[in-house]
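Now for the letters of each chain:
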Amino acid sequence: MRPDPLAFLDAELDALRSQGLHRSLRILEGRQQATAEFDHRSVVNLSSNNYLGLTTHPRLIERAIAAIREFGVGSGSVRTIAGTMVIHMELERRLATFKHTEAVVVFQSGFAANAGTVSAILNKEDVIISDALNHASIIDGCRLSRAAIKVFPHKDVDAARKILRDLPPDQRKLLITDGVFSMDGDLGSLPALCDAAEEFGCIMMVDDAHASGVFGRNGRGTVDHFNMHGRVDIQVGTLSKAMAALGGYVAGSASLIDFLYHRARPFLFSTSHPPSVAATCIAALDVLEQEPEIIDRLWDNTRFFKRGLETLGFNTGLSESPITPVIVGEGSRAMKLSDRLFEEGVFAQGIAYPTVARDKARVRTIVTAAHTKDELQFALDKFKLVGTELGLI
Ligand SMILES: Cc1ncc(COP(=O)(O)O)c(C=O)c1O
């Protein structure tokens, strides 16, 4: 028998086990909702990105079913061959109107939108100036572009300016930040970065994955929240989180979108969404526009839960969004906290290196509009119980 050429993977997995960092996937039985059944246990769910509870909204479900009846279950092709359906175009038009931009292109995921866009518009002669905590999909897009990557410390606009000052004025450059940072829940320094982008002639790009449906009027994102309309050249949003379905999009000028139609590799080389996904996203936009009280509920729950964790004495970092980390330090401690909470009926994912710094492991909580105050209070009571037991508070 030939030796297994992948045997080294077992050693890697053993190392993860010995550090207490090996995870098995939690299996969701039934619907993604505020209290849900994971691994045969009913738990208050603080781990989904279903910010507005739309995964089970009747309007979205009905639109998805209607689209399947009308268009079938698959698009059958990439967008650039036979896979552009009228419903894909309708979604892009709706999103462009919503974002107040000339045009929008939808990708199969937010990851594909970031990686596909950055790698399409830049090449090895260019420079990317990127926040240290930007999402993995941005980092991968930067690497794929082969541009020089200059990382500035998290939210340190002065450091970004220093990098920009040292570059030749005619250098093509991209300044890029997350709108909401997914592990800490804080906001990118968008206004100050827009100032710097204008001063130094950069392309300005924001990844609003966690801001879509959450920040700005009717959930239009951080560009709207900070009133930066017209100052951000490339806005990425996701359809996978608050919008409840799947996908990512780029909003910007008509030329940018036309260029991405021709050069963004996930757009060119990967099959487009099933029509039911596009229909679900259109229905989610209807909800954002017609039922904004859902967003108010999300923020009311966010304030309640954040205050509760802070009052208990947990280190919740600098979050400004419905993502609230409970930072505990070492990876194995975060995993222990997460596991004990789960046994007590609360699902809050433990997150450790390499997703976050080695000494900043945490349990990440995300509340949604669909949680009741009773569910959130139950979760706070369990945080108190387990936090005391583990000596965290
Ligand atoms: C900041 C950020 N950008 C992009 C993405 C990717 O979005 P999607 O899940 O739609 O691929 C995520 C999701 O995990 C994210 O947190």
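The preceding data block contains the structure.
Keep in mind the model is a prediction, meaning the values are calculated, not measured.

Student: For this particular structure, what's the right way to read the site of the ligand?
Tutor: Taken together, 15 residues lie around the ligand, and G110, D207, H210, S240 and K241 are the ones closest in. One nitrogen or oxygen atom from the main chain of G110 is found 2.7 Å from an oxygen atom belonging to the ligand. In this structure, K241 approaches the ligand through a side-chain N or O atom, which is 3.0 Å from an oxygen atom. The element contributing the most residues to the shell around the ligand is helix α4 (residues 110–121), with three residues.

Student: Explain the state of the cysteines here, please?
Tutor: Put plainly, a disulfide is one covalent bond tying together the sulfur atoms of two cysteines. Across all of its chains, the model carries zero disulfides by this definition. Free of any disulfide, C194 has its nearest neighbouring cysteine sulfur in C202, separated by 11 Å. Of the residues examined, C194 reaches a relative accessible area of 0% and is grouped as buried.

Student: Explanation requested: the environment of F259 in the structure shown.
Tutor: Summarising the element assignment, F259 is placed in helix α9 (residues 254–263). Every residue in contact with F259, bar those within four places of it in the chain, is listed here: A120, I121 and A264.

Student: Honestly, the packing of helix α13 (residues 331–343) against helix α14 (residues 373–389) in this entry has me stumped. Any pointers?
Tutor: For any two helices packed against each other, the geometry is given by the interaxial angle and the distance between the axes. Close contact between α13 and α14 brings their axes to 10 Å; oriented N to C, the two are set at 135 degrees. The angle between the axes of α13 and α14 places the two elements in the oblique class. The two elements α13 and α14 meet at a crossing, and its hand is right-handed. Here α13 contributes L337, R340 and L341 to the contact with α14, which in turn contributes K382, F383, V386 and E389. When its residues are assigned to classes, the contact of α13 with α14 shows four nonpolar, no polar and three charged.

Student: Whenever I open this one, the sheet that holds strand β10 (residues 248–252) confuses me. Can you help?
Tutor: Across a sheet, paired strands are connected by hydrogen bonds in the backbone, their directions being either parallel or antiparallel. Taking strand neighbours across the sheet as the criterion, the seven strands line up as β4-β10-β9-β8-β7-β5-β6 in an open arrangement whose pairing is mixed. Single-partner strands in this sheet number two, and they are β4 (103–107) and β6 (148–152). Shown here is a sheet whose adjacent strand axes are inclined to one another by a mean of 20 degrees, direction ignored. Two elements, strand β7 (residues 173–178) and strand β8 (residues 203–207), share five bridges in a ladder whose sense is parallel. The residue of β8 that forms the bridge with T177 is V206. Running at roughly 165 degrees to strand β5 (residues 127–131), helix α5 (residues 136–145) makes contact with β5, β6, β7 and β8 of the sheet.

Student: How do you make sense of the sheet that holds strand β1 (residues 28–29) when you look at a structure like this?
Tutor: A sheet is described by the order of its strands in space; here four strands give the open sequence β1-β2-β3-β12, paired in mixed fashion. The open sheet has two edge strands, β1 and β12 (346–347), and neither has a second partner.

Student: Hey, could you run me through the environment of N123 in this one?
Tutor: Tracing the sequence through the fold places N123 in the loop between α4 and β5. Remark: the alpha-carbon pair of N123 and R146, spanning 23 residues in sequence, is separated by 5.7 Å. Leave out the neighbours within four places in its chain, and N123 touches S145, R146 and A147.

Student: Help me understand the pattern of salt bridges in this model?
Tutor: Two side chains of opposite charge can pair, provided their charged atoms sit close to one another. Enumeration according to the criterion identifies 24 salt bridges in this entry. R63 is the partner of D286 in a salt bridge, and the nearest nitrogen-oxygen pair spans 3.2 Å. Residue D286 is found in helix α11 (residues 275–290), and its partner R63 is found in helix α2 (residues 58–71); the two are separated by 223 residues along the sequence. D286 sits in the buried class, given a relative accessible area of 10%. With relative accessibility at 32%, the residue R63 sits in the partly exposed group. With a closest N to O distance of 2.8 Å, K373 and D300 form a salt bridge. Here D300 lies in helix α12 (residues 293–312) and K373 lies in helix α14, a separation of 73 residues in the sequence. One connected set of salt bridges, linked through shared partners, spans R340, E343, E344, K382 and E389.

Student: Would you mind going over α11 with me for this structure?
Tutor: When the terminal C-alpha atoms of α11 are compared, their 23 Å separation across 16 residues agrees well with the 22 Å that a helix rising 1.5 Å per residue should span. The buried fraction of α11 is high, at 14 of 16 residues.

Student: I'm lost on unusual backbone geometry in this one. Help?
Tutor: Glycine aside, negative phi is the norm for most residues, and most peptide bonds take the trans geometry. The linkage connecting Y353 with the following residue, P354, adopts the cis geometry, with an omega of 10 degrees. At H100, a residue that is not glycine, the phi angle is positive and equals roughly 60 degrees. On the secondary structure map, H100 appears in the loop between α3 (86–99) and β4. Unusually for a residue other than glycine, A244 sits at a positive phi of about 75 degrees. In this fold, A244 is placed in the loop between β9 (234–238) and β10.

Conventions we followed
Residues numbered from 1 in each chain as written. Predicted model: local features only at pLDDT ≥ 70, side-chain atom pairs only at ≥ 80, totals over all residues. Heavy atoms only, no water. Near = heavy atom within 4 Å. Polar contact = N/O pair within 3.5 Å; in protein donor to acceptor, adjacent residues only side chain to side chain. Helix = DSSP H or I, 4+ residues; strand = E, 2+ residues; numbered from the N terminus. Disulfide = S-S within 2.5 Å. Buried < 20%, exposed > 50% of the residue type's maximum accessible area, 1.4 Å probe, protein only. Contact = heavy atoms within 4.5 Å. Axes fitted to C-alpha atoms, helices over the stretch in contact; angles between N-to-C directions. Parallel < 35°, antiparallel > 145°, perpendicular 65-115°, else oblique. Left-handed = near helix turned anticlockwise from the far one by under 90°. Nonpolar A, V, L, I, M, F, W, Y, C, P; charged D, E, K, R; others polar. Pairing = 2+ DSSP bridges. Salt bridge = Lys/Arg side-chain N within 4 Å of Asp/Glu carboxyl O. Expected span 1.5 Å × (residues − 1).

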